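Examination of the molecular architecture
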Amino acid sequence: MNLDTVKSNLEKKGYTVFIFDTEQDAVSYLKSTISGTDVGFGGSQTLTDLDLRHVLAENNKVIVPDFPEEGESFRSTADKCLDTEVFLLSANAVTEAGEIVNIDGTGNRLAGSLYGHKRVIYVIGENKIGGTLEEAIRRARNIAAPKNALGLYRRTPCAMAVVEELSRRFREQYQKDPEEDQLAWQDFLRDLSEEELNTHCYDCKSPGRICASLLVHWQKPSSAKAEVIILKGKAGF
Ligand code: SF4
């Protein structure tokens, strides 16, 4: 995948795009460019891996639904995120032509990317980029969503089909159970190829289903500035 081609295509769709060689470079840029404001997060393993919740909190008010403050809930925190100046999220897939694809269970992440913020910033690993729109949607449904379900220990068909085998391999590799080291489990899942993951979406009716809506940004919505930060290498699911 030629990242410069993707960058150019995203720019034609209205995004400002940066490519960073290392996660540290991306974090330094975000820390320097987001300051003295309020920042809402859409649920993202990439943002968690980069520890942006803590890094940006040094100079901003950071609101993360997955980590509500005492006395708050996911819902009340997600509501507050809809009203921030800056909104940060990742994507499940980006096409070579520059379409951005995301799946969401509660809808707060998709809502935040659509309207209501002065500035929307996507932070996206190179591993999620490339191919056609059809391939991107297939990736979002059949790779990103099952990995997220496994990472959240959901008892969904996509996760239950492989969790025993993947847990066994994780124990062999790390000499501990997945529940003992959440970060290592997330790293293990992130690094699995599609063949190693060996599951897919069952379009389930499970109460733990994490997929409710799929959003494709054909181009940048006109209501806000939007940036895409591309990280070389693997980041997130
Ligand atoms: S719809 Fe259900 S089976 Fe499909 S990826 Fe989402 S949680 Fe897994």
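If you're wondering where the values come from, they're calculated on a predicted model, not measured in any experiment. (Residues numbered from 1 in each chain as written. Predicted model: local features only at pLDDT ≥ 70, side-chain atom pairs only at ≥ 80, totals over all residues. Heavy atoms only, no water.)

**Details of the domain arrangement of the protein**
Per the domain assignment, the segments of the protein are domain 1 (3-131 + 212-231) and domain 2 (133-197). Here the C-alpha centroids of domain 1 and domain 2 sit 22 Å apart. Listed per partner, the contact involves 14 residues of domain 1 and 11 residues of domain 2. With both chains or domains summed, domain 1 and domain 2 bury close to 1100 Å², and 63% of this area falls on carbon and sulfur atoms. Together, Gln45, Asn92 and Ile103 form the three largest contributors to the area buried by domain 1 at its contact with domain 2, with a combined 34%. Applying the counting rule to domain 1 against domain 2 returns 0 salt bridges. Viewed at the interface, domain 2 and domain 1 are joined by 1 residue pair in polar contact (both at pLDDT 80 or more). (Domains from an automatic or database assignment. Contact = heavy atoms within 4.5 Å. Buried area = accessible area lost by both parts, 1.4 Å probe. Salt bridge = Lys/Arg side-chain N within 4 Å of Asp/Glu carboxyl O. Polar contact = N/O pair within 3.5 Å; in protein donor to acceptor, adjacent residues only side chain to side chain.)

**A look at the site of the ligand**
Taken together, the neighbourhood of the ligand is formed by Arg141, Ala145, Thr156, Cys158, Cys201, Tyr202, Asp203, Cys204, Arg209, Ile210 and Cys211. Considered class by class, the residues forming the shell around the ligand number 7 nonpolar, 1 polar and 3 charged. (Near = heavy atom within 4 Å. Nonpolar A, V, L, I, M, F, W, Y, C, P; charged D, E, K, R; others polar.)

**Observations regarding the packing of aromatic side chains**
Counted by the stated rule, this structure contains 10 aromatic pairs. Ring geometry for Phe18 against Tyr29: centres 4.7 Å apart, planes inclined by 40°, an arrangement best described as tilted. With a gap of 11 residues between them, Phe18 in strand β1 (residues 16-20) and Tyr29 in helix α2 (residues 23-33) connect regions that are remote in the sequence. Between Phe170 and Trp185, the aromatic rings sit 5.4 Å apart at their centres with planes inclined by 90°, giving edge-to-face as the arrangement. With Phe170 in helix α9 (residues 163-174) and Trp185 in helix α10 (residues 182-191), this residue pair connects regions lying 15 residues apart in the sequence. Counting every residue linked through ring pairs, the aromatic cluster contains Tyr153, Phe170, Tyr174, Trp185 and Phe188. For Arg53, the ring lying beneath its charged end belongs to Phe67, and the centroid distance is 3.5 Å. (Phe/Tyr/Trp six-rings, centres within 6.5 Å; stacked < 30°, edge-to-face > 60°. Helix = DSSP H or I, 4+ residues; strand = E, 2+ residues; numbered from the N terminus. Lys NZ or Arg CZ within 6 Å of the ring centre and 35° of its normal.)

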